[in-house]
Amino acid sequence: MKLVIRTLALLCLVAGIAAAQPRAPEIFGHVGRFRLAGDEGSLGSGASLGGAVTVPIPVWPKWAIDVDVVSARTEHEGRDNEFWNRRRTLLVPALVRRWSFTDRAIFFAGGGLGVRFDSTQQRYCVFAAPANQCQLVNASDSARDGSLGLRMGVVINPVSRLLVRGGVFTSWTHVLPDAGIRIGIGLRIQ
């Protein structure tokens, strides 16, 4: 009896893996939480907004190109009216592998090389001689760096063309990666 159950389970698993993948593009909008990292450690976390477009590769039905954009902002206030805030945006196209175990749920995982955009504004205290008084200095900066992004998650198709997508992502520019979690809603374009 155990052999029959194991054989049936194996056949169901193989059938699920071999199940037909979606052949139409999908678009998503998502919200989540994003922890920003720098070369000296964590830079804080903030709410994230973004979107993604997933386009199946016709000659490789289990693979797709997934172009993802996510953006978040962090703020820090210090003493003596000091502050800084940073807006980080990631644009990471990725090659993703998709597994469909049912006709309503698709798991995905993949990665790719992308670009990280940073914009920083800050006000900090500079002590000036002779009275050693604090003078506030305003500064702003922007940067663009390459990034390695990885992502994985699940897309659920509850009704018709409506999609719900949840997942996690990381992006490496420094030793400590940016990381986040998100959930979104989307449509399959037919």
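These remarks concern the structure in this document. Owing to the predicted nature of the structure, the values given are computational and were not obtained by experimental measurement.

**Side note on the overall build of the chain**
On a plain count of helices and strands, the chain comes out with one helix and eight strands. Ordered by position from the N terminus, the helices and strands of the chain form the series α-β-β-β-β-β-β-β-β. In the chain, which comprises 190 residues, the proportion classed as buried is 35%. Sequence separation of at least 24 residues holds for 57% of the intrachain contacts in the chain that already meet a minimum separation of 6. Roughly 11,200 Å² of accessible area belongs to the chain as shown, and the carbon and sulfur atoms make up 64% of that amount.

**Remarks on the pairing of strand 3 (residues 60–77)**
Pairing analysis gives 10 bridges linking strand 2 (residues 41–57) to strand 3, with the strands arranged antiparallel. What sits directly across from P56, in strand 3, is A64. Once strand 2 ends, the chain turns through two residues before running back antiparallel as strand 3. Judged from the 15 bridges that link them, strand 3 and strand 4 (residues 83–100) form a sheet pairing that is antiparallel.

**Points about unusual backbone geometry**
One non-glycine residue, S160, adopts positive backbone phi at about 40°. Inspection of the secondary structure assignment puts S160 in the loop between strand 6 (133–159) and strand 7 (162–172).

**Focus: empty space enclosed by the protein**
Evaluation of the coordinates by the stated rule reveals three cavities of 30 Å³ or more. A volume near 70 Å³ is recorded for the largest cavity. Along the walls of the largest cavity sit E26, T54, D66, V96, R98, I106, F108, V155 and R165, which together make up its complete lining. Among the secondary structure elements, those contributing two or more residues to the lining of the largest cavity are strand 4 and strand 5 (105–128). For the lining of the largest cavity, a count of residues per class yields four nonpolar, one polar and four charged.

**Regarding the nonpolar core**
Of all hydrophobic cores here, the largest spans eight residues; its members are F34, L36, L43, V70, A72, L90, V92 and F169. Mapped by element, the contributors of at least two residues to this core are strand 1 (26–38), strand 3 and strand 4. The residues touching L36, leaving out its near neighbours within four places in the chain, are S42, L43, G44, A72, T74, R86, R88 and D178. If you look at the next biggest cluster of nonpolar residues, it comprises five residues, including F28, F108, V155 and L163.

**A look at the pattern of salt bridges**
Pairing is possible between side chains that carry opposite charge, provided their charged atoms lie close to one another. According to the stated counting rule, one finds 11 salt bridges in the structure shown. With a closest N to O distance of 2.4 Å, R73 and E75 form a salt bridge. Bridged by salt links that share partners, the residues R86, R88, R116, D118, D145 and D178 form one connected network.

**Overview of the side chain of R88**
As for its placement among the helices and strands, R88 is situated in strand 4. For R88, a relative accessible area of 0% puts it in the buried group. A distance of 2.7 Å separates polar atoms of two side chains, one belonging to R88 and the other to D118. With residues near it in sequence (within four places) discarded, R88 still touches F34, L36, A37, L43, V70, S71, A72, R116, F117, D118 and D178.

Reading guide: rules and limits
Within each chain, residue numbers correspond to sequence positions counted from 1 in written order. Residue-level local features of this predicted model are given only where pLDDT is at least 70; pairs of side-chain atoms are given and counted only at 80 or more, and the full residue set underlies all totals for whole chains, interfaces and linings. Side-chain measures here rest on the full set of heavy atoms in the structure, leaving out hydrogens and waters. Secondary structure is summarised from DSSP: a helix means a run of H or I of at least four residues, a strand means a run of E of at least two, and numbering begins at the N terminus for each. A 1.4 Å probe rolled over the protein chains alone gives each residue an accessible area, and that area as a share of the maximum for its type sets the label: buried under 20%, exposed over 50%, partly exposed in between. Between two residues, a contact is recorded if the distance between any of their heavy atoms is within 4.5 Å. Note on areas: Shrake-Rupley with a 1.4 Å probe; residue coverage comes only from the protein chains shown. A pair of strands is labelled paired if DSSP reports no fewer than 2 bridges between them. Using protein atoms alone on a 1 Å grid, points that fit a 1.4 Å probe yet trap it form a cavity, whereas open point sets bounded by protein on both sides within 12 Å along at least five of seven lines form a pocket; residues with an atom within 4 Å of a point count as lining. Grid points are joined across faces, edges and corners, and a volume is the space filled by probe spheres set on the points. In the scheme used here, Gly and all other residues not listed as nonpolar or charged are polar, with Ala, Val, Leu, Ile, Met, Phe, Trp, Tyr, Cys and Pro taken as nonpolar and Asp, Glu, Lys and Arg as charged. Side-chain atoms within 4.5 Å link the members of a nonpolar core, which is a set of buried Ala, Val, Leu, Ile, Met, Phe, Trp, Tyr and Cys residues. Think of a salt bridge as a Lys or Arg side-chain nitrogen and an Asp or Glu carboxyl oxygen that are within 4 Å of each other. Polar contacts, as used here, are pairs of N or O atoms within 3.5 Å; protein pairs need one atom able to donate a hydrogen and one able to accept it. Residues neighboring in sequence count only if both atoms are side-chain atoms.

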